[in-house]
Amino acid sequence: MEVTCLLLLALIPFHCRGQGVYAPAQAQIVHAGQACVVKEDNISERVYTIREGDTLVLQCLVTGHPRPQVRWTKTAGSASDKFQETSVFNETLRIERIARTQGGRYYCKAENGVGVPAIKSIRVDVQYLDEPVLTVHQTVSDVRGNFYQEKTVFLRCTVNSNPPARFIWKRGTDTLSHSQDNGVDIYEPLYTQGETKVLKLKNLRPQDYASYTCQVSVRNVCGIPDKAITFRLTNTTAPPALKLSVNETLVVNPGENVTVQCLLTGGDPLPQLQWSHGPGPLPLGALAQGGILSIPSVQARDSGYYNCTAINNVGNPAKKTVNLLVRSMKNATFQITPDVIKESENIQLGQDLKLSCHVDAVPQEKVTYQWFKNGKPARMSKRLLVTRNDPELPAVTSSLELIDLHFSDYGTYLCMASFPGAPVPDLSVEVNISSETVPPTISVPKGRAVVTVREGSPAELQCEVRGKPRPPVLWSRVDKEAALLPSGLPLEETPDGKLRLERVSRDMSGTYRCQTARYNGFNVRPREAQVQLNVQFPPEVDPSSQDVRQALGRPVLLRCSLLRGSPQRIASAVWRFKGQLLPPPPVVPAAAEAPDQAELRLDALTRDSSGSYECSVSNDVGSAACLFQVSAKAYSPEFYFDTPNPTRSHKLSKNYSYVLQWTQREPDAVDPVLNYRLSVRQLNQHNAMVKAIPVRRVEKGQLLEYILTDLRVPHSYEVHLTPYTTFGAGDMASRIIYYTEPINSPNLSDNTCHFEDEKICGYTQDLTDNFDWTRQNALTQNPKRSPNTGPPTDISGSPEGYYMFIETSRPRELGDRARLVSPLYNASAKFYCVSFFYHMYGKHIGSLNLLVRSRNKGALDTHAWSLSGNKGNVWQQAHVPINPSGPFQIIFEGVRGSGYLGDIAIDDVTLKKGECPRKQMDPNKVVVMPGSGAPHQSSPQVWGPMAIFLLALQR
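The structure presented is a predicted model; accordingly, all values stated were derived computationally and were not measured.

J.: Which parts of the structure should I look at to understand the overall build of the protein?
T.: Per the secondary structure count, the protein includes three helices and 73 strands. Relative to its full complement of 955 residues, the protein shows a buried share of 45%. Contacts in the protein between residues far apart in sequence, at least 24 positions, make up 69% of those at least 6 positions apart. Accessible area of the protein: about 48800 Å², with a carbon and sulfur share of 50%.

J.: When you look at the environment of Tyr106 in this model, what are you seeing that I'm missing?
T.: Residue placement: Tyr106 occurs in strand β8 (residues 104–111). It is 5.5 Å that separates the C-alpha atoms of Tyr106 and Ile122, two residues lying 16 residues apart in sequence. A polar contact of 2.6 Å, which involves the side chain of Tyr106, links it to the backbone oxygen of Gln102.

J.: Is there a simple way to think about the sheet that holds strand β47 (residues 572–577) in this case?
T.: In a beta sheet, neighbouring strands are held together by backbone hydrogen bonds and run either parallel or antiparallel to one another. One open sheet holds the five strands; their spatial order is β45-β51-β50-β47-β48, and the pairing between them is mixed. One side of each edge strand has no neighbouring strand; the edge strands of this open sheet are β45 (545–549) and β48 (580–581).

J.: Which parts of the structure should I look at to understand the confidence of the model for the protein?
T.: Any residue range with low pLDDT should be treated as having predicted coordinates unsuitable for detailed reading. For the protein, per-residue confidence averages 85 on the pLDDT scale, and residues scoring 70 or more make up 87% of the total. Below a pLDDT of 50 lies the segment residues 920–955, which in the model reaches 55 contacts outside its immediate sequence neighbourhood of four places, other chains included.

J.: Which parts of the structure should I look at to understand the nonpolar core?
T.: Considering soluble globular proteins, one finds that nonpolar side chains tend to be buried as a cluster. Membership of the largest hydrophobic core comes to 34 residues, with the highest contact counts inside it found for Phe836, Ile882 and Phe892. Elements with a contribution of two residues or more to this core: β64 (803–806), β65 (817–821), β66 (832–840), β67 (847–854), β68 (860–868), β69 (876–882), β70 (888–895) and β71 (904–913). For this core, the leading source of residues is β66, giving five residues. Ignoring anything within four residues of it in the chain, the contact list for Ile882 reads Lys830, Phe831, Tyr832, Val834, Val852, Ala864, Phe888, Ile890 and Leu911. Grouped together as the second largest cluster of nonpolar side chains are 30 residues, Ile347, Ala378, Leu402 and Val429 included.

J.: Would you explain the sheet that holds strand β11 (residues 153–158) in this entry?
T.: What the four strands build is an open sheet, ordered β10-β11-β16-β15; its pairing is antiparallel. Edge positions in the sheet fall to β10 (133–138) and β15 (184–187), since each has one partner strand and no second. Neighbour-to-neighbour, the strand axes of this sheet turn through a mean angle of 20°, independent of strand direction.

J.: Help me out: how do you make sense of the packing of aromatic side chains in this one?
T.: Aromatic ring pairs: the centre-centre distance and the angle between the two ring planes describe each pair. For the structure on display, the rule yields 14 aromatic pairs. A centroid spacing of 5.3 Å and a plane angle of 45° characterise the contact between Tyr832 and Phe888, whose relative ring orientation is tilted. One end of the pair, Tyr832, is in strand β66; the other, Phe888, is in strand β70, and 56 residues separate them in sequence. On the basis of relative accessible area, Phe888 is assigned to the buried category, the value being 0%. Aromatic side chains Tyr838 and Trp865 sit 5.7 Å apart centroid to centroid with 50° between the ring planes, which places their arrangement in the tilted category. On the criterion of sequence distance, the pair formed by Tyr838 in strand β66 and Trp865 in strand β68 is long-range, its members being 27 residues apart. The same class applies to Tyr838 and to Trp865, which are both buried. Taken together, the ring pairs in this structure connect Phe836, Tyr838, Trp865 and Phe892 into an aromatic cluster. Over the ring of Tyr128 we find Arg100; its NZ or CZ atom is 3.7 Å from the centre of that ring. Here the guanidinium or amino end of Arg775 rests over the ring plane of Tyr802, the centre of that ring lying 3.6 Å away.

Reading the values: the criteria
Numbers given to residues run from 1 along each chain, matching the order in which its sequence is written. In view of the model being predicted, local features appear only for residues whose pLDDT reaches at least 70, and side-chain atom pairs are presented and counted only at 80 or more, with totals across whole chains, interfaces and linings using the full set of residues. To obtain the side-chain values, all non-hydrogen atoms of the structure were used and water was disregarded. Comment: elements are numbered from the N terminus, with helices defined as DSSP H or I runs of at least four residues and strands as E runs of at least two. Under the scheme applied here, a residue whose accessible area is under 20% of the maximum for its type counts as buried, over 50% as exposed, and between as partly exposed, the area being computed with a 1.4 Å probe on protein chains only. Two residues qualify as a contact provided that any one of their heavy atoms is within 4.5 Å of a heavy atom in the partner residue. Accessible areas in this description were obtained via Shrake-Rupley with a 1.4 Å probe; residue shielding takes into account the shown protein chains only. Pairs of N or O atoms are called polar contacts if they sit within 3.5 Å, as long as, within protein, a hydrogen donor faces a hydrogen acceptor (for residues adjacent in sequence, only side-chain-to-side-chain pairs). Any two strands between which DSSP finds at least two bridges are classified as paired. Every residue is assigned a pLDDT by the predictor, reflecting its confidence on a scale from 0 to 100. Put simply, buried Ala, Val, Leu, Ile, Met, Phe, Trp, Tyr and Cys residues joined by side-chain atoms within 4.5 Å make one nonpolar core. Fitting a line to C-alpha atoms yields each axis, with helices limited to the stretch in contact; the angle taken between N-to-C directions then spans 0 to 180 degrees. Any two rings among Phe, Tyr and Trp, with Trp reduced to its six-membered ring, count as a pair given centres within 6.5 Å; such a pair is stacked if its planes are under 30 degrees apart, edge-to-face if over 60, and tilted if neither. Any Lys NZ or Arg CZ that is within 6 Å of a ring centre and within 35 degrees of that ring's normal is treated as a charge sitting over the ring.

Now the structure itself:
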């Protein structure tokens, strides 16, 4: 390892401090990504504004110990599956190409088992602007005569947007308004919520025949450009009109080729024609070209409504509909209805009897029925009547009524349904009437009332129907309200009375009802029976896996419990240790009374008895296992992430130190921790420095601390920490240490912020300004940024070095202000000196101001220093004395000048106690000597060695 690596862990002595550092979670949502702006809405509500199609990035920053876990949720919107719920610390919520439906309130929930969870939220407002739609309408009372001759016309412009769009109407290139033209009225209709603007042309004049443009704008919010649509109004402008080449109802035979033509009879501009089908899309193979719809070899499934629509945005769309009926017949059924008046359920001589016949047909009303008796057409008489459309039966049903049934009426009756003259096969149904024709009964075969099968196997539920004729059997669920059968249907017909189920699951257990149908048999009250289905499945146990920790020499009890299973009992339990079968444990009275659990007791834990235990539980259907990992290993340390300012930088050596803190999880669960093994390795390096850290007895919640020194700026390191007890090594914990810019108080000798860390030393963006300061370096600069303004690098000249700057390009305007606010400092001295480097290069440079915000009696901002104008393409240094009277903050305020060539940057901000230096001895830096809170009247210059020497002589 190189010498620099050997110096990495000049580990200083270890010590502990404090007790009970466990603290509930705290959370804060910060934003990144492509947000347009984050603003405060109604003071208490944070609103994140983003353009549709951009990337949403939200980050939940949390504090608390142990390390809280984070979960994101959302309300007030749809498409919630577009983001993940996480359980990762500081997890970033990222949604690529966000849609408007994904706007709403996003919640970050942080919890660590201490106190109540912390919940923070932010409302995401997705901004968008669709293409506008322009339609032309005429007053309803003026529909006669020439469409637009001396009439009132309305041009209606509609757009979907967020925020509500601003509308501008133009005739040609001239903007229209009420005040400029008495013949024009512009208004927003009621209940349109800012989505519509109407241009009313009152009593058309010759000059009103022109091109009209509706321009919509959201005022460039999120960089969304304006959109526009144009319509040319002429004296021939007219709404669409249509006619069809066929009747509105078209009946065809299956297999025919169907062609329907939709003809335009009017419309200017030329309307667009479109065919649609309801329900569902156009049939496979159908071709819609212009106004012609062709369907080759039409089938019964192609029946439905076909719509031809013509649109030219003038008036209402024209629509013509063809109801296509493809002749078909299916499902021939019959019913036997005994004498209704006498409420009989049997066929009896001397009573009336009705035979009914029905088919499902298209078109239904064109079906004809013919009755036959014993192969011959039935002859109508006073006792034999044929009726159609019985109100008690389905539409278009034929009934044969036998009045005062005689013995001679017994026989075989046949009902034949047909489409006269159509190539559709006839359907017929046959029913026998005799003394043996009796209503049905239904029952469950002996031994089949309860069916027990294993999960995943097939099952067959059976009901037997007796009677003549035997009707179909209908199956349904009984014990679950509105439950569906495994087929997905609430009712299922079986011709043989058997309900067959493939691969049954446990949720299919329950009671099933079988009942006789009222068709293809007697039209009487259904007969019912029930079958119970029991689905057996293997046991489910708790715990499926458990980590058991105990000190050496202490007893251990392992318990495996049955959660659910069918049957709900433990038939056998087998214990294994490291895969080897153990003798059956002695049965204790408690276990004998609780057949739903199995136990194993270890009298004293030893190194030899530590390891993996498995309890395999069976209920004669299957088995499941509880796994136990038993040991005296110490739990892992819990790193403390809320250490205030853990980084200490050393400017001269370019090194930094880091305060590593942790607690020990459940230290009393096992033997006392004797020492820790610490391993530190620089990321992307192979070698690591290892150190043993001895400790005395560690208490629960006790904060342990170790300081790592000589870490190289700005590298990151991977830290492994392992506790050791008399048992040996415990569970290891690891984390990555990132270099962060130190946040120091003014009483330290060196308090310079280089802005190298994205926390920017605790500085924050002021919420009351117009825009924000931006952190960047030469590598993250926008390659398309404006030339001739802004610094090429930070003060160090390194492309990796960061600085803060204000971007003055659009949409920034003259006088816009950006404020960067420091942390709150406690005033422990009378005088302080603020030193910083600034870069003010560009012909449109505005101003850079330094303000001091005093906090002793409210927030009061006072100007301490100001500089304006182009100061050249060079970093220059300023020293500003301040004398705050109490707690204070410093504020850097950048003010935008007259144009986009006005970027201002700052770097290396230092706050020290005492007065500012009276002279600058560094010949490579520029000095601005402030006087009474204002800059020196002479322009800043680059001072060489001779100039500094002469200046010293003058003073």
